[in-house]
Amino acid sequence: MSALLMWWRDREPRERLLLGVLGGLLAASVLWLGIVKPLFTARAETRTEIATLERLNARLRSAPATGQGPAQLSGPPATIVETAAAQAGVTVARSEADGARTRAIVEAAPFPAVMQWLAALDAQAGVTVAETRIARGAAPGVVSVTLVFR
């Protein structure tokens, strides 16, 4: 520190003034570019994001409410099972009602369609599968299914 102080004292008053002004400008530049400008930029970006989110929120609130999910299926269990199967593209070969249970036999259907059918039964009618037998069909991706619903 004493070496720096001696170096400073060896400078002419005019040089000290020039070095002091340059040091002040350097400190102001570092302060502006390193702290203040990034804070202003972040603030502007945040305000833009908030405005965008407020516009999106207003659009969502003003949008008309669409359907409240899939239409609920109702009626006798056998009818519900066959209606949901038709919606999923599955052909039920036989359907037998036995009190609260319904047995459905599908001889050949695409596996994804069968899974869509079962999901629709659960979501739209609350029908659950009590027993399942799935066998591989002759073609790839085709299955034969025997299901008991309750």
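The structure presented is a predicted model; accordingly, all values stated were derived computationally and were not measured. Note that residues are indexed from 1 along each chain, following the sequence as it is written. Predicted model: local features are reported for residues with pLDDT of at least 70 only, side-chain atom pairs are reported and counted for 80 or more only, and whole-chain, interface and lining totals are derived from all residues. In computing side-chain properties, one takes all heavy atoms of the structure into account and sets aside hydrogens as well as water.

Points about the nonpolar core
In summary, soluble globular proteins display a tendency toward joint burial of nonpolar side chains. As a reminder of what qualifies: Remark: nonpolar core denotes a set of buried residues (Ala, Val, Leu, Ile, Met, Phe, Trp, Tyr, Cys) joined through side-chain atoms within 4.5 Å. With a 1.4 Å probe rolled over the protein chains alone, any residue whose accessible area is under 20% of its type maximum counts as buried; one over 50% counts as exposed, and the rest are partly exposed. Whether two residues are in contact is decided by their heavy atoms, any of which lying within 4.5 Å being enough.
The biggest cluster of nonpolar side chains holds 21 residues, and the ones touching the most others in it are Val90, Val106, Val114, Trp117, Leu121 and Phe149. Look past the residues within four positions of Val106 in its chain and what remains in contact with it is Val90, Thr91, Val92, Ala93, Trp117, Ser144 and Val145.

Brief notes about the confidence of the model for the protein
Applicable threshold: pLDDT runs from 0 to 100 and stands for how confident the predictor is about each residue. Counting from the N terminus, the helices are DSSP H or I runs at least four residues long and the strands are E runs at least two residues long.
For the protein, per-residue confidence averages 88 on the pLDDT scale, and residues scoring 70 or more make up 95% of the total. Of all secondary-structure elements in the protein, the lowest mean pLDDT belongs to helix H3 (residues 77-88), at 85, while helix H2 (residues 13-62) reaches the highest, 94.

Some points on the pairing of strand E4 (residues 142-149)
The cut-off we apply is this: One bridge is not enough; two strands pair if DSSP finds at least two bridges between them.
For E4, the buried fraction is high: six of the eight residues fall into the buried class. Bridge count for strand E3 (residues 129-136) against E4 is seven bridges, and the pairing is antiparallel. When the sheet's bridge partners are listed, Arg136 is paired in E4 with Val143. Counting the residues that bridge the hairpin from E3 to E4 gives five residues, and of these Gly141 lies at a positive phi of roughly 85 degrees.

Quick notes on the packing of helix H1 (residues 2-10) against H2
Packed helix pairs are characterised by how far apart their axes lie and by the angle those axes make with each other. The line we're drawing: Comment: axis = line fitted to C-alpha atoms, over the contacting stretch for helices; angle = value between 0 and 180 degrees taken between N-to-C directions. If an angle is under 35 degrees, it is roughly parallel; if it is over 145, roughly antiparallel; if it lies from 65 to 115, roughly perpendicular; otherwise it is oblique. Note on residue classes: Ala, Val, Leu, Ile, Met, Phe, Trp, Tyr, Cys and Pro are nonpolar, Asp, Glu, Lys and Arg are charged, and everything else, Gly too, is polar.
Two elements in contact, H1 and H2, have axes whose closest approach is 8 Å; the angle formed by their N-to-C orientations is 120 degrees. Put simply, H1 runs oblique to H2. Two secondary-structure elements touch here, H1 through Trp7, Trp8 and Arg9 and H2 through Arg16, Leu19 and Gly20. Residues that form the contact of H1 with H2 fall into these classes: three nonpolar, one polar and two charged.

Side note on the pattern of salt bridges
Selection rule: A pair is scored as a salt bridge if a Lys or Arg side-chain nitrogen falls within 4 Å of a carboxyl oxygen belonging to Asp or Glu.
Overall, the coordinates contain two salt bridges when judged by the stated rule. Its salt-bridge partner being Arg11, residue Glu15 comes within 3.8 Å of it at the nearest N-O pair. For Glu15, a relative accessible area of 33% gives the class partly exposed. For Arg11, a relative accessible area of 24% corresponds to the partly exposed category.

Quick word on H3
Definition in use: The length a helix should cover is 1.5 Å for every residue beyond the first. In this context, the arc is that of the directions from the helix axis out to the C-beta atoms.
Under the 1.5 Å per step criterion, the end-to-end length of H3 is 17 Å for twelve residues, consistent within 8% with the ideal 16 Å. Taken as a whole, H3 has its buried residues at Ala78, Ile80, Val81, Ala84, Ala85 and Ala88. Within H3, the buried residues cover an arc of 165 degrees as seen down the axis, which keeps them to one side. Residues of H3 that are buried in the fold lie against strand E1 (94-98), strand E2 (101-110), helix H4 (111-125) and E4. Downstream of H3 by a residue or two, Gly89 has a phi angle that is positive, lying close to 85 degrees.

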